[in-house]
Amino acid sequence: MPEQLDCRHLLCPMPVIRTQARVAGLAAGDELEVAVTDPGALEDVPAWCRVHGHEVVETHEEGHGAFRIRIRVGGA
Amino acid sequence: MSDRPKAVALISGGLDSMLAARLVQEQGVHVEGLNLYTGFCVEGHTHAIRKKDQAQPKRNNALWVAERLGIPLHIEEVIEEYKEVLTNPRYGYGANLNPCLDCKVFMVRKALEWLEANGFDFVVTGEVLGQRPKSQTRDKLPLLERDSGAEGRLLRPLSAQLLEPTLPERAGWVARERLHAFHGRSRKPQMQLAQELGLETWAQPAGGCCFLTDAHYAARLSDLWQARGSKNYDLDDVMLLKVGRHLRPLAHLKLIIAREAGETHFLQGYRRRYPHLRTTSHGGPVALLDGTWSEPELELAARLVARYSAGRNAERVDLELEDTEGGVQALSVPPMAPEAVPAEWYIGG
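**Q** It is not clear to me how the overall build of chain A should be interpreted in this structure. Could you clarify?
**A** Scanning chain A for helices and strands turns up 2 helices and 4 strands. Against the 2.2 N^0.38 benchmark of 11 Å for 76 residues, chain A shows a C-alpha radius of gyration of 11 Å, consistent with a compact globule. The dimensions of chain A, computed from C-alpha atoms along their principal axes, are 35 × 25 × 15 Å. Buried residues in chain A amount to 36% of all 76 residues. Of all intrachain contacts in chain A linking residues separated by at least 6 positions in sequence, the fraction that spans at least 24 positions is 61%.

**Q** Got a minute to help me understand unusual backbone geometry in this structure?
**A** The phi angle of most residues is negative, glycine excepted, and most peptide bonds adopt the trans form. Looking along the chain, the bond that leaves Cys12(A) and enters Pro13(A) is cis, with omega of 5°. Of note, Pro13(A) is situated in the loop between strand E1 (3–7) and helix H1 (14–23). The residue His64(A) is not glycine, and still its phi comes out positive at about 55°. With respect to the helices and strands, the residue His64(A) is situated in the loop between strand E3 (55–63) and strand E4 (66–72). Given 7 C-beta atoms within 10 Å, His64(A) falls into the exposed group. The phi dihedral of Glu151(B) falls on the positive side, at around 45°, and the residue is not glycine.

**Q** Which parts of the structure should I look at to understand the sheet that holds strand E9 (residues 286–291) of chain B?
**A** In a beta sheet, neighbouring strands pair by backbone hydrogen bonds and run either parallel or antiparallel. Residues and elements named next belong to chain B. Spatial strand order, E6-E7-E9-E8-E10-E11: 6 strands in an open sheet with antiparallel pairing. Looking at strand neighbours, the two that pair on one side only are strand E6 (245–250) and strand E11 (328–333), the edges of this open sheet. Here the average twist between neighbouring strands, direction ignored, is 25°. Sheet analysis places strand E8 (residues 276–279) next to strand E10 (residues 317–322), joined by 4 bridges and oriented antiparallel. Counted as the bridge partner of Thr279 is Leu319 from E10.

**Q** Mind showing me how you'd approach the packing of helix H1 (residues 15–25) of chain B against helix H3 (residues 61–69) of chain B here?
**A** Residues and elements named next belong to chain B. Two elements in contact, H1 and H3, have axes separated by 11 Å at closest approach and are oriented at 25°. As the angle between them shows, H1 and H3 are arranged roughly parallel. Where H1 crosses over H3, the two elements pack in a sense that is right-handed. Within the contact between the two elements, H1 uses Met18, Ala21, Arg22 and Gln25 and H3 uses Val65, Arg68 and Leu69. Counted by class, the contact of H1 with H3 contains 4 nonpolar, 1 polar and 2 charged residues.

**Q** Mind showing me how you'd approach the nonpolar core here?
**A** Burial of nonpolar side chains together is a common tendency in soluble globular proteins. Residues and elements named next belong to chain B. One finds Ala7, Ala9, Ala21, Val24, Val123 and Val305 to be the most contacted residues of the largest nonpolar core, which totals 110 residues. Sorting elements by how many residues they give to this core places helix H5 (residues 100–118) first, with 10 residues. Three or more residues apiece are contributed to this core by two domains, here domain 1 (6–211) and domain 2 (243–345). With near-sequence residues (within four places) excluded, Val305 lies in contact with Ile257, Leu277, Thr279, Gly284, Pro285, Ala287 and Leu319.

**Q** Would you take a moment to explain the environment of Asn88(B) for this structure?
**A** Mapped onto the elements of the fold, Asn88(B) is located in the loop between helix H4 (79–87) and H5. Sequence spacing of Asn88(B) and Gly198(B) is 110 residues, and the spatial spacing of their C-alpha atoms is 41 Å.

**Q** Help me out: how do you make sense of the pairing of E8(B) in this one?
**A** All names here are of chain B. Judged by which residues are buried, E8 turns out to be covered on both faces: His276 and Arg278 on one side and Leu277 and Thr279 on the other are all buried. Pairing geometry for E8 and E9, over 3 bridges, is antiparallel. Bridged to Arg278 within E9 is Val286. With antiparallel pairing between neighbouring strands as the criterion, E8 and E9 make up a hairpin whose turn holds 6 residues.

**Q** Is there a simple way to think about the sheet that holds E4(A) in this case?
**A** Residues and elements named next belong to chain A. The strand order across the open sheet built from 4 strands is E1-E2-E4-E3, with neighbouring strands paired in mixed fashion. Edge positions in the sheet fall to E1 and E3, since each has one partner strand and no second. Averaged over all neighbouring strand pairs, the angle between strand axes comes to 20°, with direction disregarded. In this sheet, E4 lies alongside E3 in antiparallel orientation, the contact comprising 7 bridges. Paired with Glu61 across the two strands is Phe67, which belongs to E4. Here H1 sits on the sheet and contacts E1 and strand E2 (31–36); the angle it forms with E1, its principal contact strand, is near 155°. Against the sheet, helix H2 (residues 41–52) touches E1, E2, E3 and E4, its axis set at about 165° to E3.

Basis of the calculations
- Residues numbered from 1 in each chain as written.
- Chains lettered and ligands numbered in written order.
- Predicted model: local features only at pLDDT ≥ 70, side-chain atom pairs only at ≥ 80, totals over all residues.
- Helix = DSSP H or I, 4+ residues; strand = E, 2+ residues; numbered from the N terminus.
- Rg over C-alpha atoms; globule rule 2.2 N^0.38 Å.
- Buried ≥ 20, exposed ≤ 12 C-beta atoms within 10 Å, placed from the backbone.
- Contact = placed C-beta atoms within 7 Å.
- Pairing = 2+ DSSP bridges.
- Axes fitted to C-alpha atoms, helices over the stretch in contact; angles between N-to-C directions.
- Parallel < 35°, antiparallel > 145°, perpendicular 65-115°, else oblique.
- Left-handed = near helix turned anticlockwise from the far one by under 90°.
- Nonpolar A, V, L, I, M, F, W, Y, C, P; charged D, E, K, R; others polar.
- Core = buried A, V, L, I, M, F, W, Y, C linked by C-beta atoms within 7 Å.
- Domains from an automatic or database assignment.

Here it is in structure tokens:
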């Protein structure tokens, strides 16, 4: 079960900032699932992951405008 | 220093900071980006709200720039700390509520804090001498250096040749002759350099990324401060000032009325913080009520909201007032005639 981070109802760039703070406390290979509602986060969270070498494993829609983005933390 | 020198570049998402970072990167320096989120940044959330803007790319320009440069970008939220900069600027405001010089001092200081916490060597910014009348003149740049405590650790690659040599130049980490002497408001040298560096397409032009330089926004923020009797604000206030029509029919009551479906959806997210009016007999906007009111004043507010509903020409429009606990009060009012709404009620256009 990946760690969970609730960023629903937060507007960009807050979901990225919260994700960044949580990932800082995780180790390489750990997984984090981020729940978002701002469609901008579907661009920004993956972009943030790419520039930091983390992997987006999966993104899925949950309905009612909510999405989950699953991240695997990359090696330092 | 055993390893490569390390620089932290302040990345706004605009062209100048991208070019500045690339110039230093090209000289073999390890560069990472820092983007500071004050709450007043134009991009990000704003385009997610209005339906008409949803065709625009929903991307964070600073992240986009970092990806083009191939550098990590750290985004730091500075909303609380920024209040002091905005409410009490040592060097005052620009044309609107933009405390540009204080803001730059603050950002360089934050970059220096980051630098020290992460063992980096110097800060890079995209400032261009003479580009901004208020904050980038020849007498202001040294002042920024002094107030931020940079002590030579602040490199502006686009104008470096016109300025005193900095630590990275003196230490030989970067060659001064490979930096530039850009000056003034023309954007041509930057565009040419972008082409030379293979960075022709960029996210946004310089400036224009801060709501505080916007006259309408500044008017709304001034109104908020005046109504509260203090210059306090939080992130929700900052967001709400960007959305909807703002009308103040009474000194102690402001209405935020959605202009379209996207804004209605957004304002509904605040229904547990503000009481709101919504039309029930006709299609219409959601309106948040910020302040206090008597029964006749509530009727006035309801007539105003009805004026923006599909029932604007009807004899009466039914509405509901929902308080922050979910309690509902029904109203039925004649819509106000458009010409009966005094122009001075509109805050910031």
